[in-house]
Amino acid sequence: MPESTEQTAAQIEVAAGIPEWPTAPIEQAAAPHSAEPVVDIRDVRKVYSTGAVEVEALRGVSLRVDAGEYVAIMGPSGSGKSTLMNIIGCLDLLTSGSYRLAGEDVSHMSEEDLAMVRNRRIGFVFQQFNLLSGLTAWRNVELPLTYAGVRRTERKERAVRLLERVGLGDRIDHRPTELSGGQQSRVALARALVNRPSMVLADEPTGALDSKSTADVLSVFEELNSDGHTIVLITHEADVAAHARRVVRFRDGLIESDSGAAR
Ligand SMILES: Nc1ncnc2c1ncn2[C@@H]1O[C@H](COP(=O)(O)OP(=O)(O)O)[C@@H](O)[C@H]1O
Ligand SMILES: [Mg+2]
């Protein structure tokens, strides 16, 4: 399948903070810094069946990501990166194998429970950012919190704090069209962090940016990682992957190399 920027309806809803199912109150989120790995995937297979044809997109993948890591996932088109991202992000079900996310076994969860887990645990950043054009920067950032039942004053406080954190403290009332590509991606990053997720999962976050904006966004990722945020980034670009502390390469549905496997 050619590399595509198309997103599923679920991905767009997630990025816009619109859950298909009710979100658990944010206060119920488990302590973020347990000793458990954030991602613990063992021997995962994913088979797509379209008509009579079966495609084995993941053929037995084991991957562990500890809290505080910054991992880039690379690989040629069709190697299974997006499939892995959908599984790590609880957007799709695995065919066999197991997945523990921050200590919780999500391998056999219903789609409804998976939706709750991902709203609590994962901050998504997609290539198109999926910001709502009618809303100002801080409104975009606070949106996931409205669904999580957080009070308005706290929502604004948290949104503004995060926008300041990504260097946009003077742009909180700007709409997406009034912001550069790099600034829009920083709003998307702030929004991804607002639910205090266990991990930020970014799919080609620099794919639509010029080189200056790319450098700009990568420096924010690095700062966030220095603050202790766990980041998993999918990219085509070797110079983008070079910013991560660990690079995992995919080929034909298998991990081909891993520069820094945790144990
Ligand atoms: N929804 C789907 N239905 C059927 N086959 C799919 C589907 N999504 C991906 N595939 C196939 O699975 C393989 C891995 O695809 P993908 O994970 O999108 O790779 P990448 O993101 O690395 O380009 C490819 O052979 C692709 O054609
Ligand atoms: Mg892909």
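Residues numbered from 1 in each chain as written. Chains lettered and ligands numbered in written order. Predicted model: local features only at pLDDT ≥ 70, side-chain atom pairs only at ≥ 80, totals over all residues.

**Q** Honestly, the overall build of the chain in this entry has me stumped. Any pointers?
**A** Assigned secondary structure in the chain consists of eight helices and ten strands. Across the 263 residues of the chain, 43% fall into the buried class. A fraction of 73% describes how many contacts in the chain between residues 6 or more apart in sequence connect residues 24 or more apart. (Helix = DSSP H or I, 4+ residues; strand = E, 2+ residues; numbered from the N terminus. Buried ≥ 20, exposed ≤ 12 C-beta atoms within 10 Å, placed from the backbone. Contact = placed C-beta atoms within 7 Å.)

**Q** So what exactly am I meant to see when it comes to the sheet that holds strand 2 (residues 53-65) here?
**A** Where strands meet in a sheet, backbone hydrogen bonds hold them as pairs that are either parallel or antiparallel. Read from one edge of the open sheet, four strands run 2-1-4-5, paired in antiparallel fashion. Since the sheet does not close on itself, it has two edges, and those belong to strand 2 and strand 5 (104-105), each with one partner. Pairing between strand 4 (residues 96-101) and strand 5: two bridges, direction antiparallel. Among the inter-strand pairings, Arg100 is bridged to a residue of strand 5, identified as Asp105. (Pairing = 2+ DSSP bridges.)

**Q** It is not clear to me how unusual backbone geometry should be interpreted in this structure. Could you clarify?
**A** Generally, phi is negative for residues other than glycine and the peptide bonds are trans, each holding for most cases. The backbone of Phe129 sits at a positive phi, close to 65 degrees, despite the residue not being glycine. Assignment of secondary structure puts Phe129 in the loop between strand 6 (122-125) and helix 4 (137-147).

**Q** Quick question: what am I supposed to make of the sheet that holds strand 3 (residues 70-74) here?
**A** What the six strands build is an open sheet, ordered 6-7-8-3-9-10; its pairing is mixed. Either end of the sheet is taken by a strand with one partner, and the two such strands are strand 6 and strand 10 (254-258). Sheet twist, expressed as the mean angle between neighbouring strand axes with direction ignored, is 20 degrees. Strands in contact with helix 6 (residues 181-193) are strand 6 and strand 7 (199-203); relative to strand 6, the strand with the most contacts, it is inclined by about 165 degrees. (Axes fitted to C-alpha atoms, helices over the stretch in contact; angles between N-to-C directions.)

These figures come from the coordinates and say nothing about function on their own.
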